[in-house]
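Coordinates in review
Spelled out, the chains give:
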Amino acid sequence: WVAEYVASSDLKKWRFEHPNPLYAWEGACIWIPCEILSPVVPLENITMYHNPNYDDSIKEYNGTMFYRKTKVKEFPYQKERVQYLGNLDTNCTLNINPVHVHDSGLLGLRVMTTNDKWMEKIHLNVSKTPFPPRIQLPERIEEYQTVTVTCLLDFACFGYDIQLQWSFTELNSSSVSAVASTSLSTKTVLTQNQLTFCPQWTHHGKKLTCRLLHSSEVLSERTVQLDVKHHPKVKIQVNANETIVMKGESVTMTCYVTSSNPEYKTISWFKDNIKKLEQKPTLILSEVTKEMKGDYHCEASSDLGTGVSEKVTLEVLYAPEPSKVSIHPLPAEEGNSVELVCISPANPSATNYTWYHNEKEMPGRTEEKFQLSRVVLRDAGHYSCLAENIYGRGERGQGAELDVLYTPKNVTITVESSTPIREGDSVTLRCAYNSSNPEVTHYKWSPQGAWNKPSSEWLRIQKIAWNAASISCAACNPKCSWTDPLNLHVQYAPRDVKVLKISPQSEIHAGHQVHLTCDFSTSYPKEVRFFWRKNGSLLKEGRKLIFDSISPEDAGNYSCLVNNSVGQTLSKAWRLQVLYKPRRLHVSIVPGDRVMEGRKAALTCESDANPPVSRYAWFDWNNKDLQCAEQTLRLEPLKIAHSGSYWCQGFNHLGKGESPPTTLTVFYSPETIGRRVAVGMGLCLAILILAIWGMKIHQSWKRTQSQQGLQENCSGQSFFVRNKKVRRAPRSEGPASLGCYNPVIEDSVSYAALRFPETNTQRTGNAGTSETQGPLPKEDGTVTYSVVQRRGVGDYENVTPNLLEDEGIHYSELVQFGAGKRPQAQEDVEYVTLKH
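A quick note: this is a predicted structure, and the numbers were derived from the prediction, not measured.

Considerations on the overall build of the protein chain
From N to C terminus, the protein chain includes two helices and 66 strands. Looking at the 836 residues of the protein chain, the share that counts as buried comes to 40%. Taking all contacts inside the protein chain whose residues are at least 6 apart in sequence as the whole, residues at least 24 apart take part in 65%. Of the roughly 47700 Å² of accessible surface on the protein chain, a fraction of 50% belongs to carbon and sulfur atoms.

Remarks on the environment of glycine 399
Tracing the chain through its elements places glycine 399 in the loop between strand S34 (392-393) and strand S35 (400-401). On the basis of relative accessible area, glycine 399 is assigned to the buried category, the value being 16%. Sequence spacing of glycine 399 and lysine 324 is 75 residues, and the spatial spacing of their C-alpha atoms is 5.3 Å. Not counting chain neighbours up to four residues away, the residues in contact with glycine 399 comprise Val325, His382, Tyr383 and Ser384.

What to know about the sheet that holds strand S21 (residues 251-261)
Within the open sheet, the four strands sit side by side as S12-S19-S21-S24. Their pairing is mixed. Of all the strands in the sheet, the pair left with one neighbour each is strand S12 (141-142) and strand S24 (282-285).

Topic: the confidence of the model for the protein chain
In the predicted model, the protein chain carries a mean pLDDT of 80, and the fraction of residues at 70 or more is 79%. Confidence over residues 72-78 falls short of pLDDT 50; this stretch has nine contacts with residues more than four positions distant or in other chains. Confidence over residues 713-820 falls short of pLDDT 50; this stretch has 207 contacts with residues more than four positions distant or in other chains.

Structural notes on the packing of aromatic side chains
Tallying each qualifying case throughout the model produces 15 aromatic pairs. Between tryptophan 14 and phenylalanine 16, the ring centres sit 6.1 Å apart and the planes meet at 15°, which makes this aromatic pair stacked. For the pair formed by tryptophan 14 and phenylalanine 16, the shared burial category is buried. Judged by centre distance (4.7 Å) and plane angle (85°), the rings of tryptophan 31 and phenylalanine 158 are edge-to-face. Here phenylalanine 158 lies in the loop between strand S13 (147-153) and strand S14 (163-167) and tryptophan 31 lies in strand S3 (residues 30-32), a separation of 127 residues in the sequence. Taken together, the ring pairs connect Tyr23, Trp25, Phe131, Phe155 and Tyr160 into an aromatic cluster. Over the face of the ring belonging to phenylalanine 66 we find arginine 81, whose NZ or CZ atom lies 5.5 Å from the ring centre. Residue placement shows arginine 396 over the ring face of tyrosine 356; its charged tip is 3.9 Å from the ring centre.

Thoughts on the nonpolar core
Ranked by size, the top nonpolar core spans 55 residues in total, and within it Phe16, Ile32, Met48, Leu109 and Phe155 carry the most contacts. Excluding its chain neighbours within four sequence positions, the residues that come into contact with phenylalanine 16 are Cys34, Glu35, Ile36, Cys92, Leu109, Val111, Trp118 and Glu120.

A few points about a nonpolar patch on the surface
Together, Tyr668, Ile673, Val677 and Met681 make up a nonpolar patch on the protein surface, roughly 380 Å² of accessible area in all. Tracing the sequence through the fold places valine 677 in helix H2 (residues 670-711). Residue classification places valine 677 among the partly exposed positions, given a relative accessible area of 45%.

Rules and cut-offs
Residues numbered from 1 in each chain as written. Predicted model: local features only at pLDDT ≥ 70, side-chain atom pairs only at ≥ 80, totals over all residues. Heavy atoms only, no water. Helix = DSSP H or I, 4+ residues; strand = E, 2+ residues; numbered from the N terminus. Buried < 20%, exposed > 50% of the residue type's maximum accessible area, 1.4 Å probe, protein only. Contact = heavy atoms within 4.5 Å. Areas by Shrake-Rupley, 256 points an atom, 1.4 Å probe, with all protein chains shown as cover. Pairing = 2+ DSSP bridges. pLDDT = per-residue confidence, 0-100. Phe/Tyr/Trp six-rings, centres within 6.5 Å; stacked < 30°, edge-to-face > 60°. Lys NZ or Arg CZ within 6 Å of the ring centre and 35° of its normal. Core = buried A, V, L, I, M, F, W, Y, C linked by side-chain atoms within 4.5 Å. Patch = residues over 30% accessible without salt bridge, like charges linked within 9 Å, V, L, I, M, F, W, Y side chains within 5 Å. Salt bridge = Lys/Arg side-chain N within 4 Å of Asp/Glu carboxyl O.

Here's what the structure looks like:
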């Protein structure tokens, strides 16, 4: 072949296209699609050999000749077993009908032209019996994931009808599609049937068969076993199927895994979708409480995923719990309808209710809920209730009060899209608000559209149209507050952006409502976003800036920024001035609130006002006007009298403000303290000297008085003697001494000796009686008188007891003995006091 081919042709010149190899079975046919790609020249001769051999001696092929064709003008229909269906140009298609087992081998197609020749080889494989089709399965089959299974047969022949048919009893015909197709081309000869279905976990391990049919007769078939990966399939079984139990009883639940591919690894229990600690197939609830009621399910996990069982609802029977009251709507407006509901969890539900209003039972109210058709003021107050079922009565628990609604405040739309908005873009908007009572329950968007989700704060518009209408939103509770419409056009940056003051028209005072808006002349498209800045910092988003009650803190430089998808423009800063009366007044003291006398103190009245304070007034702790209209009150030099509380007032044309009192304490200087101490010590010393001097004068006076009294007539006169109160035993006197004994004082006796000239004169006694005395003994002319001191009364018997006593003074009365004048006493009279 090689020598012949080299001698007659160039390998690169001849190119054929046909299937290779070809398959068939005994009694069927073979259709050989064939095309000569190059060279494109008229053929002189076409011959088909079966297992051809090249004879080098004659330089030609020999073998069983299946077909031979020479160039003629027409190609009449041929009834031979081998038919040439092509032409002498490019189509070299052949058909062998019927085909036999001994036809297997190599077919050689010998083509010749005027100047060239070629042998094209085609392999033919004919089996004795029909061969089974092939089934192509996906690498992985998972439940609920649609798959396509292909049944293939490398055979097709016109005039020999065959059919590939699927056999799978588990499939639901409504969810299965089978598409059969046949390919007879120069590239492939193929018959196939594609089965598309959604596998279920029940298909796992089941057999899928593809049958080859000819005239309704099964020629062959192929069967495969499905390996369907699926999550674990689990179910719960409850002991005695009792899912309604009394409080305190026990319940046992078991989690069964009916199927799992791959095998499950763990089991978990859940109550109300909350995972419990139990990881075992059996869940035991030893003592059921009312908190244990709910939906139970178990989950089994494998490498593929988790299988979830159906829920088992456990009901626990118990008496009503402490109740609470729900009022709807709450708060309510007067005149509206209000519904009151008594909520008291119980199983079974409560059948009888008792209602209380302000702790008083409401007669006739025994239902779970009742309605006040038109609420009036007397209906306000505290409501409570008590519930009862067949297992007992509950308790009165938490009550409820009636209250007032207001609509949502400061509702705004914010554009959440990160890119400029153009036609066809996806736009996300958000409806936001500041406050609401009650809370916002739903939202509304205008205009309505298919893109609108009810009760959602988010609005998502897919592929926005060029003529999209302005959009606004409302937050409802249930009354609705709407935003201003928001335009969504984009082309060029906004022009002539400026801040406009809408209200008030005059100057702005604190407490006024101020409405600012951001204005611009034009923008195309007109969709813009507005931002407010205060002193260069971003304040908020929105076209309008509304101050319901302006405050001084709101003053500043405001500017607004308008942007669209093209660009942005910032306005000139607009100065917001807020006028307000003086406030936050307080008194500051320099150098401090404690200052030494003699120094300076400056009290400054500090305030916040716009326009600034034009006049001040100062007051002291007695609210006395200090007649100072300046901001600073100066006290120089400071005195102790300046100590006290000071306060001030500030005035502008809007009003006045007043500060709280501030206390100034002025303390003594060291010099003043020294002077005062010196003066005090001097006074104390002077008083001490005067006291000592007075005592000395008093003692001197008493001595003088005592001496004068002894020199006068002794009748009715007194003398005093300093008594040191030293007790001594009395000694005997001679006959010249006379003693007067006082038995009261016993041993407390004082003696005085007086010397008188001798006389025979009659004297009067101290008791006022007269007696005649004889001549005294001729001894010493001394007479002794005694005064007896009484204990507990006084030291002297002739002193009134209730008078203050002097410890050292004794009073004695001198009695003149005899009659007549007593001669002048001598200068050398001696006074003697005997003390013991």
